[in-house]
Amino acid sequence: MSIHPVVLVGGGPGAWDLITVRGMHALQAADVIVADHLGPTAQLDRLCDIDAKELIDVSKIPYRKQVAQERINEILIEQARAGRRVVRLKGGDPYVFGRGFEELTALTDAGIPVEVIPGVTSAVAVPALAGTPVTHRGMVHALTVVSGHLPPGHPKSLVDWAALAQSGATLSVIMGVKNAAAIAAALIDASLPPHTPVRIIQEGSLAEERVFSCELSTLGSTMEDKAVAPPAVIVIGEVAGL
């Protein structure tokens with residue numbers, strides 16, 4: 001039995017028509033789609049004949065439902081070895097905090113070929129859709145995409161928040177809803193001005209999108225007052241005030 005390549009597809013920030021054409025074609029050719037809750041999962045019927053395919057939900061919803069990465073790897077290997085055409089549909093881009101390379105490694109170690117189809121990352125696309133450029137000539141020449149899933153000072157955190165505060169770069173923070181107040185405090189402690197503009201975009205690209213503006217000093221209270229929930233992108237820097 002021949003083994004087809006498993007295709008890792010970046011589904012984009014959420015709206016179904018922000019997936020790439022190549023990603024859409026991969027979905028149309030698939031026998032089974034192993035999908036996260038992010039990306040165009042809820043609108044797959046607009047991209048392919050979903051009734052003709054098996055859909056396996058492996059969502060990792062923050063602080064709620066979790067499917068272990070090891071189990072996801074096993075599912076991909078099992079489905080591929082059964083001779084099926086497998087698409088692993090992920091939100092955003094597979095390699096931007098998407099653990100796509102971990103899946104590629106597991107599949108490759110199992111002798112299964114892999115194709116990667118990049119996706120539109122929410123860290124850049126969601127601010128753009130909400131009217132915020134992450135760079136702007138004469139204002140900022142650098143962008144840093146940061147995971148906020150661990151708070152500053154956490155022993156497992158790999159983020160140097162003090163260095164980011166000094167960098168002059170726009171900070172696009174994803175997975176940072178829970179730790180937003182702590183992130184703001186760490187940046188201010190490292191001398192980023194408290195009045196630095198911030199934009200918060202929840203459910204970017206979807207009909208449920210909500211956008212809020214504040215200053216760094218009020219980021220935590222704004223998140224609480226507006227009941228912001230994941231997924232959300234937090235843009236910190238002068239461009240957020242444009």
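Residues numbered from 1 in each chain as written. Predicted model: local features only at pLDDT ≥ 70, side-chain atom pairs only at ≥ 80, totals over all residues. Heavy atoms only, no water.

> Would you mind going over helix 2 (residues 69–81) with me for this structure?
Each α-helix turn comprises 3.6 residues. Residues three or four places apart therefore point the same way. With 13 residues, helix 2 extends 18 Å from end C-alpha to end C-alpha; this agrees with the ideal 18 Å at 1.5 Å per step. Of all the residues in helix 2, the buried ones are Gln69, Ile72, Asn73, Ile75, Leu76, Ile77, Gln79 and Ala80. The inward-facing, buried residues of helix 2 abut strand 1 (6–10), strand 2 (32–35), strand 3 (54–57), strand 4 (86–90) and helix 3 (100–109). Gly83 occupies a position one or two residues after helix 2 and carries a positive phi of about 85°. (Helix = DSSP H or I, 4+ residues; strand = E, 2+ residues; numbered from the N terminus. Expected span 1.5 Å × (residues − 1). Buried < 20%, exposed > 50% of the residue type's maximum accessible area, 1.4 Å probe, protein only. Contact = heavy atoms within 4.5 Å.)

> For this particular structure, what's the right way to read the pattern of salt bridges?
Between side chains of opposite charge, a pair can form as their charged atoms come close. Tallying each qualifying case throughout the model produces 7 salt bridges. Between Arg71 and Glu78 there is a salt bridge; the shortest N-O distance is 3.2 Å. Judged by relative accessible area, which is 43%, Glu78 ranks as partly exposed. Here Glu102 makes a salt bridge to Arg99, at a shortest N to O gap of 2.9 Å. With a relative accessible area of 39%, Glu102 lands in the partly exposed category. Through salt bridges that share partners, Asp36, Arg88, Lys90 and Glu103 make up one connected network. (Salt bridge = Lys/Arg side-chain N within 4 Å of Asp/Glu carboxyl O.)

> Where do I start with the environment of Ala190 in this structure?
Secondary-structure assignment places Ala190 in the loop between helix 6 (180–189) and strand 8 (197–202). Each C-alpha atom, one on Ala190 and one on Ala165, is 5.9 Å from the other, the two residues being 25 residues apart in sequence. Those residues within four positions of Ala190 in sequence are excluded, and the remaining contacts are Ala162, Ala165 and Gln166.

That is the geometry; function is a separate question.
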